[in-house]
Every structure is written in structure tokens, then in C-alpha cells.
Amino acid sequence: MMAFMTSFLPALSVNAATVYVSDGIAHDEGYIFIGESHMQVAAFSMQQDALGNIPGLEDVQYFLQLDSSIVSDDNGGPGTFTMSGNLFFVFEGTGRADELKVQISKEYIYSDGAGTQGGAVQKIHTIMDTNPNIAHWNIISFHGANAALRGSKELADYYAASYRNWIDYEFPDADCYFLPQSTMTKNFKIFCKDKEVFNRTLAEAFPENYLDIMPFFWEHYPQGLMDPQQKSDLVHWSDQTYYEMVCSIINQTKEKRALGSSIPMQEPQMEIIAQNILLYTNDMTVIYEAPDFNGSVLLPSCEAGLPIQVTGVTSNGYFQIQLGETVGYVMGNGLSAQ
């Protein structure tokens, strides 16, 4: 729905403004993603229906509205991003050098545990303060790509110290998670003297808060950064990859939350369609063995336009399909009406 806006971002020629508002709906969980350009692109890569529901995610609503009421570009186009729901992204505009400098700076995530806060920390507090309807927060930081490229233990320790203050001082009632940087890219191979020191430092400092999504990066690396049909440039993945990454991370936080509270995760419930319906494959069709993004893949891709018999819909947004004697599952955006 918002994927087309990704190409608009570099055209911004004035400071972008992100406004966070409450939808007034009670949510058990809220999710805040922080990062550099990866998270900015991810914010515009999410797929949602008119009600803000995201295929493949349960109990997550996301709204992103663009307008010119506060900030516009030189041509009067929208430069204000208003977010609501229970999923938020923290970023600056990156259409100008000064905006990009703020966003990639290590000071962006800084906290000294005594009231001095970087821009990202301030924005997280703003989101939480303006959304008292959200009972519990999950804060996920994917910041540090430029810091990790330096291969510096000192820089890695700087991040670890700030993140410790996030947990102990800034957001003691939230669950904070820290992600590794995808160090398999060409820049890390050429310029970085120790490409794993950043990830290693965070993993050792926060064994309970470190979400190791390197398997996801490796799985998507060939199609996300090597296949010219899938990548957007030499640094960023395709919109679909960012969408899948955010969904995967949120599902991991749900699993950790359930384990921590000793409440077992509920298995997806099946809604059986009264009459089987016929839908068609598209460019995003992936067939899974179970209604689980992290589960086994039966077919990673297929030709668009093929008829598929749908026999049910799961509570977490997957179509159950019949392929001869085989039952498979496809995410909601992976089949289309023709």
C-alpha cells in the first residue's frame, strides 16, 4: 500500500516531520523500531489493509499518512509522516545531508541514564507518552550500521552502554531488543577490520535482549542484495524483504514475551471457507508447510497467474491451499483475485 512512496523519499528537500498520534484503541502490545535508512525504508514497505491490519501478523495495526500540513517539499508535496496504531518507526528524513547526519550518528541512540538523551530516545518517549492506550511496549533497535562498519570495539561499547541505560533507566517497563547488523555485504568485506565486533559485543552484553536475525539476513542475502530484480540498491533490500523482516521480528518478540510470562503461544486457528474459492499466484507467492513465516518452505516462488484452490484462512492471516495431495499455506498478500 505504501511501497510506492519509497521512491519519493530522496526527493525531500526540507526537514521531514514525523508525528505520532494515538488511535485511541486499547492494545496489549506496542512495537517501536529504531534505525537508520533501513528502518526508514521499512516504514514505507509495510503492507496493510484499510483497517491497518498487516497480513501475517495478529493484533498489529499500522497507519502511515503523508501530508503537507506541517512540512512539504519545494513542490508542495507531502513532507509530514503521521503514524498511529501499535506499530511505529523512528527515523529522520534522509533527503538532506543534515537529516542523514542526525540519523546515522551514534548520538542518536545515546542515553547517559541521567536525563541526557539522543534524538531516537526522545522520539521513543514521545510515542509512549502519546499512546497511553498501549499496555506494554517492545522497543527494537536496528541502529548501528555505520558504527558497525568501523569495526571498532570502542564504538560497540558505546552502544552497549547506552542500551544498558535504555533497559535500566529510560524504558524499565518495556522489553528492549537489539539486532545485529547484516555484515555479509560488500562494504563490510572491503572496509571493515573486524566486521563482527559490533554484533558480538551486543550479543555478549545482552544475551536475553539480543535477537539474532542473521539467519534471516543470510536467507535473503542472495535475492535481496545480489538479484537486481529484488534489491533497491547496493545497501538496501526489496520492500518485500523489509516487510518480511519486520513481521519475523515482531513474531519473535511475541514468542519471547509468551515464554517470559509462561503463557504458551496460541496455535493459529483455522477458519474454514464454506465454499472453496479459487485465487491466483502473484509475484509474492511463497508456499509454506505450516502457517508460520519462520517454518519450512515448500515452494519459494512460482509463476504468477496460476490458479490455486483455497480451502481455509488461519487466524494469523494465511491462506490454506490444496496442491494435489499436499496442503500448504500462503501469506495473505501472496494470492490475488484475477
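One can find the structure itself at the top, above this paragraph.
Heads up: these notes are all about the structure in this document. Remember, predicted model here, so these are calculated numbers, not experimental data. (Residues numbered from 1 in each chain as written. Predicted model: local features only at pLDDT ≥ 70, side-chain atom pairs only at ≥ 80, totals over all residues. Heavy atoms only, no water.)

**Re the environment of V235**
Line of reasoning, step 1. Counting through the fold element by element, V235 comes out in the loop between helix 8 (214–226) and helix 9 (239–260).
Line of reasoning, step 2. Sequence separation between V235 and H38 is 197 residues; the distance between their C-alpha atoms is 8.7 Å. (Helix = DSSP H or I, 4+ residues; strand = E, 2+ residues; numbered from the N terminus.)

**Focus on the packing of helix 5 (residues 153–170) against helix 7 (residues 197–205)**
Line of reasoning, step 1. It is the contact of helix 5 with helix 7, at a shortest axis distance of 9 Å, that shows an interaxial angle of 35°. Crossing of helix 5 against helix 7: the hand is right-handed. Only V197, F198, T201, L202 and A205 of helix 7 make contact with helix 5, whose side of the interface consists of K153, A156, D157, Y159, A160, Y163 and R164.
Line of reasoning, step 2. Of the residues in the contact of helix 5 with helix 7, the class split is eight nonpolar, one polar and three charged. (Axes fitted to C-alpha atoms, helices over the stretch in contact; angles between N-to-C directions. Left-handed = near helix turned anticlockwise from the far one by under 90°. Contact = heavy atoms within 4.5 Å. Nonpolar A, V, L, I, M, F, W, Y, C, P; charged D, E, K, R; others polar.)

**Examining the nonpolar core**
Line of reasoning, step 1. With 72 residues, the main nonpolar core has F33, L87, F89, W166 and M245 as its most contacted residues.
Line of reasoning, step 2. Examining the composition of this core, we find that eight residues originate from one element, helix 5, more than from any other.
Line of reasoning, step 3. When neighbours within four sequence positions are excluded, F89 is seen to be in contact with Y20, F33, M39, A42, A43, M46, Y62, M83 and V246.
Line of reasoning, step 4. Core analysis: the next-biggest nonpolar cluster, separate from the first, contains eight residues, L279, I287, V310 and F319 among them. (Core = buried A, V, L, I, M, F, W, Y, C linked by side-chain atoms within 4.5 Å. Buried < 20%, exposed > 50% of the residue type's maximum accessible area, 1.4 Å probe, protein only.)

**Concerning the pairing of strand 6 (residues 134–142)**
Line of reasoning, step 1. Within strand 6, eight of the nine residues are buried, which leaves the element mostly enclosed by the surrounding structure.
Line of reasoning, step 2. Summarising the sheet, strand 2 (residues 27–35) and strand 6 pair through eight bridges and their orientation is parallel. Considered in strand 6, the bridge of I32 is made with I139. (Pairing = 2+ DSSP bridges.)

**Section: the sheet that holds strand 5 (residues 87–90)**
Line of reasoning, step 1. Here four strands make up an open sheet; going across it, the order is 5-2-6-7 and the pairing parallel. The sheet terminates laterally at strand 5 and strand 7 (175–178), the two strands that pair on one side only. Each adjacent strand pair in this sheet contributes to an overall mean axis angle of 20°, direction not counted.
Line of reasoning, step 2. With four bridges connecting them, strand 2 and strand 5 associate as parallel partners. Looking across to strand 5, one finds that I34 is bridged to V90.
Line of reasoning, step 3. Taken strand by strand, helix 5 contacts strand 2, strand 6 and strand 7, and its axis lies near 165° from that of strand 7.

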